[in-house]
Amino acid sequence: MSRASAAPPPMPPLAQPVAIPVEPSLWDRFTNWASENKALVYTIAGVAVVVTSAGVVYYLNGDAQKPRSAAQSKPSKKERRKRKEAERQAEASKSTSAGEQAKAPTVEAVDELPEINEDTVATFTDEQRRDYALQLKNAGNKAYGSKDYDRAIDLYSKAILCKPDSIFYSNRAACYNAQSVWDKVVEDTTAAINLDPTYVKALNRRANAYEHLSQFSESLLDYTASCIIDEFKTESSTNAVERLLKKVAEQKAEEILKSKDPNKLPSPTFVSNYIQSFRAKPRPEGLEDDVELPESTGKGQLQLGLKAMEKKTHEGYEEAANAFEKALELGDLGEHEALAYNLRGTFRNLRGAQEQALQDMDKSIELDPSYTQSYVKRASMHLEMGDRASAAADLEQALSQNDSDPDIYYHRAQLHFIHGEFQDAAKDYQKSIDLDSSFIFSHIQLGVTQYKMGSVASSMATFRRCVKNFDKVPDVYNYYGELLLDQSKYDEAIQKFDTAMEMEKQTKPLAMNVLPLINKALALFQQKAEFTEAEKLCEKALIIDPECDIAVATMAQLLLQQGKITEALKYFERAAELARTPGEIVNALSYAEATRTQIQVQEKYPQLAAKLQGMGAGAAGMGAGAFAGAR
Ligand SMILES: *[C@@H]1O[C@H](CO)[C@@H](O)[C@H](O)[C@H]1NC(C)=O
């Protein structure tokens, strides 16, 4: 628990060194990382980002959903005490014990009050108003207690006429709440909050009403404010924040999906990673470079697309995607038809058109049942859609066609890996290597799997062997570096990332993989909290690959941890734009919305901003030591 007690969350390490997952997307990584680092996730996605000027981030412990920050042990703030007192008073006046009976006005006693309306109230003295208001409110509480809501509403309304009070409004709102008259609840709680901006009960009541009215953003804002006032001590409110965050994100995701360009490809980093998770095959016979094929034919377009893919750039992939669409429109593909469906499906999947992509793979398999790659790709699509059973069935079918195809074992290993079944994964990676040892990613993934199983020594040995046998492959150094980083061996890790960057530059100057840059940024941050250097590296990555979602999200996290919330929001929104599938969009938007709500709370409730600052002051004292101990 030591980590939870005060330490800020660790920076997102590539804590989960997933080398080329089946779908190497940011959000896979993010989700994996998230499950290991609940802290920061709750900070961002969850229950309000509480960032201090010192860049220390408070967070909730995921298991307990309780605040675990220094703020928790700090003495309550003045307004909190005041509120407590007011609530205690309200409680006391509700429970009319026998001894108090004589003094406490009853519902009947209220009938003896003079007529209460705007005109008569104007004639009362201040003392009369206070006295009558209290009697009316107490009577209202009794009526509320016996579920006579119309009567209670009438009594509270008269109390308000005598003397406007946040508690009277809030209590009348409770009556409307019981009657499910949500717009009236909003009206009364708003009046209460205007009189007392940190009135938690009223905020929660209004949030609930907004939720019933499907005004999710408003509801989220109120619940977030309530959480901050309450210092995250009320589980129902923190849960509500998470629930609303998801609803808001889903609502907004629908808009994004509607306006999304259906032909947009993800970043070249993403596409390359996906494509290179299959062993490169020579160009099929009849489609090689030296075969002259007119562009006006299906085969010509197929050849064109395959050639364009080899450029590994954004333009190249765009060109390929369009060529495969055209190839199938033109038709007359002969023995290459199954390949054409496979390729069109691959790019449709990359564009996020999952259903269409599945249909293409079905067609490809129907045309050539022995073409195992189509089963494997269909498996990866099923997996991404959360359908593990279909994915496993696809892989079994593929093996029944050809049980000596190393790609099938590699992808079955990936399936085991992402489900945490490391023994089975290791076995399949090894099988893939035994069938064809020239595919570097089987080795890399085997090393990562050994690491995940706790066999650090064998993992490091695997990577040293990789460096020896594949000394020209930058990916080896990148993933080796990730594992070193995970062991806090910063200097060695940075050295590996530098080597990987240098090789990327030399071997693929036009299509650099930017992961080593991002990893180096994380290493610099983790080692020395070097925000500036880390940001620069992310910016560089974004110049090379402007659509790289991992770079965008890493940037957002760096900014968030420095307390630059507004700037972080921009990057989270950008991440949502770049997200590929509906699930990823919702995910990205939850982070964006959590950040946005945080900003809104601070603007709308300046006194809460001050409160957050106050929490920060407590944390600043913990100093950088907390960072070092964070992981
Ligand atoms: C099985 O796959 C391997 C590797 O791709 C290939 O060399 C072999 O020809 C395939 N066998 C059949 C029967 O298709």
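Being a predicted model, the structure only gives us computed values, none of them experimental.

## Here we look at the nonpolar core
Note that soluble globular proteins tend to have their nonpolar side chains buried in a common cluster.
Right, so step 1: Residues Tyr429, Ile440, Ile444, Phe463, Val476 and Ile518 are the most contacted members of the largest nonpolar core, which totals 72 residues.
Right, so step 2: Ranked by residues supplied to this core, first place goes to helix H30 (residues 549-561) with 8 residues.
Right, so step 3: Leave out the neighbours within four places in its chain, and Phe463 touches Ile444, Gly447, Val448, Val476, Tyr479, Tyr480 and Leu483.
Right, so step 4: Leu155, Trp182, Leu203 and Val241 belong to the second-largest nonpolar core, a separate cluster that totals 54 residues.

## Some remarks on the site of the ligand
Right, so step 1: Taken together, Asn402, Ser404, Asp405 and Pro406 form the complete shell of residues around the ligand.
Right, so step 2: In this structure, Asn402 approaches the ligand through a side-chain N or O atom, which is 2.3 Å from an oxygen atom.
Right, so step 3: Burial of the ligand by the surrounding chains reaches 37%, relative to a free accessible area of 360 Å².
Right, so step 4: Looking at the shell around the ligand residue by residue, the class counts come to 1 nonpolar, 2 polar and 1 charged.

## Overview of the environment of Ser438
Right, so step 1: Checked against the element boundaries, Ser438 lands in the loop between helix H23 (422-435) and helix H24 (440-452).
Right, so step 2: Among the residues examined, Ser438 registers a relative accessible area of 53% and is labelled exposed.
Right, so step 3: The spatial distance from the C-alpha of Ser438 to the C-alpha of Asn469 is 9.3 Å, given a sequence separation of 31 residues.
Right, so step 4: Engagement of the side chain of Ser438 in a polar contact is seen with the side chain of Asp436, the distance being 2.7 Å.

## Focus on the UniProt feature "repeat: TPR" (unreviewed entry) in the protein chain
Right, so step 1: Here, the residues flagged by UniProt with the feature "repeat: TPR" (unreviewed entry) are residues 133-166, 338-371, 406-439 and 474-507.
Right, so step 2: Annotation note: span residues 338-371, helix share 79%, strand share 0%, distance between end C-alpha atoms 8 Å.

## Points about the side chain of Asp428
Right, so step 1: The topology assignment puts Asp428 in helix H23.
Right, so step 2: When its relative accessible area of 7% is taken as the criterion, Asp428 is described as buried.
Right, so step 3: Side chain to side chain, Asp428 and Arg412 meet in a polar contact 2.7 Å long.
Right, so step 4: The residues contacting Asp428, other than those within four sequence positions of it, are Tyr409, Arg412, Ala413 and His416.

## So, the packing of aromatic side chains
Right, so step 1: Counted under the stated rule, the structure contains 12 aromatic pairs.
Right, so step 2: Consider the rings of Tyr317 and Phe347, whose centres lie 6.4 Å apart with planes at 40 degrees: the pair is tilted. A residue pair is termed long-range when its members are at least 10 positions apart, and Tyr317 in helix H17 (residues 314-330) and Phe347 in helix H18 (residues 337-350) qualify at 30 residues.
Right, so step 3: Here Tyr317 falls in the buried class, since its relative accessible area comes to 3%.
Right, so step 4: Classification of Phe347 as buried rests on a relative accessible area of 1%.
Right, so step 5: Three or more aromatic residues joined by ring pairs form one cluster here, namely Tyr410, Tyr429, Phe439 and Phe441.
Right, so step 6: Directly above the aromatic system of Phe278 lies the positively charged group of Lys377, at a separation of 5.2 Å from the ring centroid.
Right, so step 7: When the ring centre of Tyr409 is taken as reference, the NZ or CZ atom of Lys431 above it lies at 5.5 Å.

Cut-offs and rules
Residues numbered from 1 in each chain as written. Predicted model: local features only at pLDDT ≥ 70, side-chain atom pairs only at ≥ 80, totals over all residues. Heavy atoms only, no water. Core = buried A, V, L, I, M, F, W, Y, C linked by side-chain atoms within 4.5 Å. Buried < 20%, exposed > 50% of the residue type's maximum accessible area, 1.4 Å probe, protein only. Helix = DSSP H or I, 4+ residues; strand = E, 2+ residues; numbered from the N terminus. Contact = heavy atoms within 4.5 Å. Near = heavy atom within 4 Å. Polar contact = N/O pair within 3.5 Å; in protein donor to acceptor, adjacent residues only side chain to side chain. Areas by Shrake-Rupley, 256 points an atom, 1.4 Å probe, with all protein chains shown as cover. Nonpolar A, V, L, I, M, F, W, Y, C, P; charged D, E, K, R; others polar. UniProt positions renumbered as here; feature names shortened; annotations may be inferred. Phe/Tyr/Trp six-rings, centres within 6.5 Å; stacked < 30°, edge-to-face > 60°. Lys NZ or Arg CZ within 6 Å of the ring centre and 35° of its normal.

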